[in-house]
Amino acid sequence: MFIDIPSELEAALIDRSLPPWELDGSFLSQSTIEGYRTELTATPRFEETAAMLRHALNGEGGGYAVLRLRNLAKALGTDDDRFLRLATGFATEVAVPFSPFPRWPLWKDIGVKVDKDPGKSSGIGYNAFHMDLVNGTLPPDFTTLLCVRPDPLGGGPSILSDAHAAVARLSEASRALLAESAYHYGTFFDLFGVGEEYKPFPILDGSDPGEGFIRFTAKMLERSELGQAHADAARELAEELIRGQVSFMLQPGDYLIVNQRRFLHGREALHSGQETVPVSDRRLLLQLFLRASAGDGSAA
Ligand SMILES: O=C(O)CCC(=O)C(=O)O
Ligand SMILES: [Fe+2]
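Along each chain, residue indices are assigned from 1 in the same order as the chain's sequence is written. All chains are assigned letters beginning at A, and all ligands numbers beginning at 1, according to the order in which they are written. Note on the predicted model: pLDDT of at least 70 is required for a residue's local features to be given, and 80 or more for side-chain atom pairs to be given and counted; whole-chain, interface and lining totals, by contrast, use all residues. To obtain the side-chain values, all non-hydrogen atoms of the structure were included, while hydrogens and water were left out.

## Some details on the packing of aromatic side chains
How two aromatic rings sit relative to each other is given by the distance of their centres and the angle of their planes. We count it as follows: Note on aromatic pairs: the rings of Phe, Tyr and Trp (six-membered ring only in Trp) are paired at centre separations within 6.5 Å, and the planes decide the class, stacked below 30 degrees, edge-to-face beyond 60, tilted for the rest. Here a strand is any run of E in DSSP of at least two residues, a helix any run of H or I of at least four, and the numbering for each starts at the N terminus. Only protein chains enter the calculation, and the probe is 1.4 Å; a residue is then buried if its accessible area is under 20% of its type maximum, exposed if over 50%, and partly exposed in between.
According to the stated counting rule, one finds eight aromatic pairs in the structure shown. Considering the side-chain rings of Tyr64 and Phe248, the 6.0 Å spacing of their centres and the 20° angle between planes classify their relative orientation as stacked. Of this pair, Tyr64 sits in strand E4 (residues 64-68) while Phe248 sits in strand E10 (residues 246-248); the two residues are 184 residues apart in sequence, bridging distant segments of the chain. What makes Tyr64 buried here is its relative accessible area of 8%.

Right, dumping it as structure tokens:
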């Protein structure tokens with residue numbers, strides 16, 4: 001699930017500069033998509049790398065990938081627009097980049113805020129297994145996280161788990177409870193491209209693996225009022241996700257892409273002592289969401 005960029009491709013990408021992207025509403029414009037594709041497919045071994053990436057995300061047993069853009073990040077600098085455009089170009093090979101948040105740029109900063117709810121995005125604590133935008137009727141097909149800086153104190157490995165495999169290990173009775181519209185989480189305000197608010201929702205919608213979402217966030221166990229039996233079933237799912245998890249530390253330039261129809265993600269706690277780290281040195285990720293092309297639920 002870790003994909004290195006062949007060195008001849010790296011060299012060609014460092015020499016080439018993609019133009020700034022344009023948006024059409026909250027989606028990357030068709031002319032940007034076509035322009036990036038034309039530029040990138042002209043570089044050596046780009047197409048085979050993009051095919052490996054798509055296979056890691058959509059192929060049998062797949063569901064996430066870490067594209068190692070480390071050398072490109074070193075050569076270009078992570079705060080150079082050229083680097084971000086290249087990452088956007090790779091993302092575009094998977095699905096269409098978009099921003100669900102009208103007031104945010106295409107790539108959204110996830111920094112570290114010591115005063116925030118520690119279990120939420122940019123908090124310092126354990127970020128439990130979840131899918132992003134869980135309470136929209138159409139969550140992003142892919143969520144992507146580009147690492148600019150890891151936690152300088154050494155904490156915060158990413159965690160991933162195969163949601164369908166976790167569900168398959170549950171009892172029939174628990175699965176029946178998870179299929180009921182008895183769950184809710186969070187607020188839904190001013191969002192684009194992710195459907196309507198879904199409340200209450202079922203965690204399981206009966207679709208085949210790789211088709212529907214396993215609409216789950218373990219954060220609801222602490223933050224939503226749930227009936228006892230439904231909460232117990234959700235807790236069992238959270239435990240199975242942990243039993244099946246993999247974890248790894250993102251390095252500068254690592255680009256994690258998660259197929260939200262297959263895998264759930266989260267992050268271990270950052271190391272203690274974040275308040276002693278200057279804000280400009282703290283862990284920083286950039287987040288981008290992707291929509292599979294219209295009418296194609298699997299983004300193949
Ligand atoms: O900080 C991380 O590594 C994950 C953040 C995340 O999943 C989110 O903000 O939705
Ligand atoms: Fe997330």
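Picking up after the structure, the text goes on.
## Section: the coordination of the iron ion (ligand 2)
For the record, the criterion: Sodium, potassium and calcium take a 3.2 Å donor cutoff, other metals 2.8 Å, and in both cases only N, O and S atoms count; water is not among them, so sites may look incomplete.
Protein-derived ligands of the iron ion (ligand 2) are His130 (NE2), Asp132 (OD) and His265 (NE2), with the metal-ligand distances lying across 2.1 Å. In primary sequence terms, the donor set of the iron ion (ligand 2) follows H-x1-D-x132-H. In this pair, Asp132 is assigned in the loop between strand E7 (127-130) and strand E8 (142-149) and His265 in strand E12 (residues 263-267), connecting sequence segments 133 residues apart. Residue classification places Asp132 among the buried residues on the basis of a relative accessible area of 9%.

## What about the packing of helix H2 (residues 30-41) against helix H5 (residues 81-92)?
Which entries qualify depends on this criterion: Axes, fitted as lines to C-alpha atoms, cover a helix only where it is in contact. Angles between the N-to-C directions of the axes lie from 0 to 180 degrees. Here roughly perpendicular refers to angles of 65 to 115 degrees, roughly parallel to angles under 35, roughly antiparallel to angles over 145, and oblique to all remaining angles. Between two residues, a contact is recorded if the distance between any of their heavy atoms is within 4.5 Å. Residues are sorted three ways: Asp, Glu, Lys and Arg are charged, Ala, Val, Leu, Ile, Met, Phe, Trp, Tyr, Cys and Pro are nonpolar, and all the rest, Gly among them, are polar.
Here H2 crosses H5 at 100°, and the two axes come no closer than 10 Å. On the basis of the axis angle, H2 is roughly perpendicular to H5. Contacts from Ile33, Tyr36, Arg37 and Leu40 of H2 reach H5 at Arg85, Leu86, Thr88, Gly89, Phe90 and Thr92. Looking at the contact of H2 with H5, its residues break down into five nonpolar, three polar and two charged.

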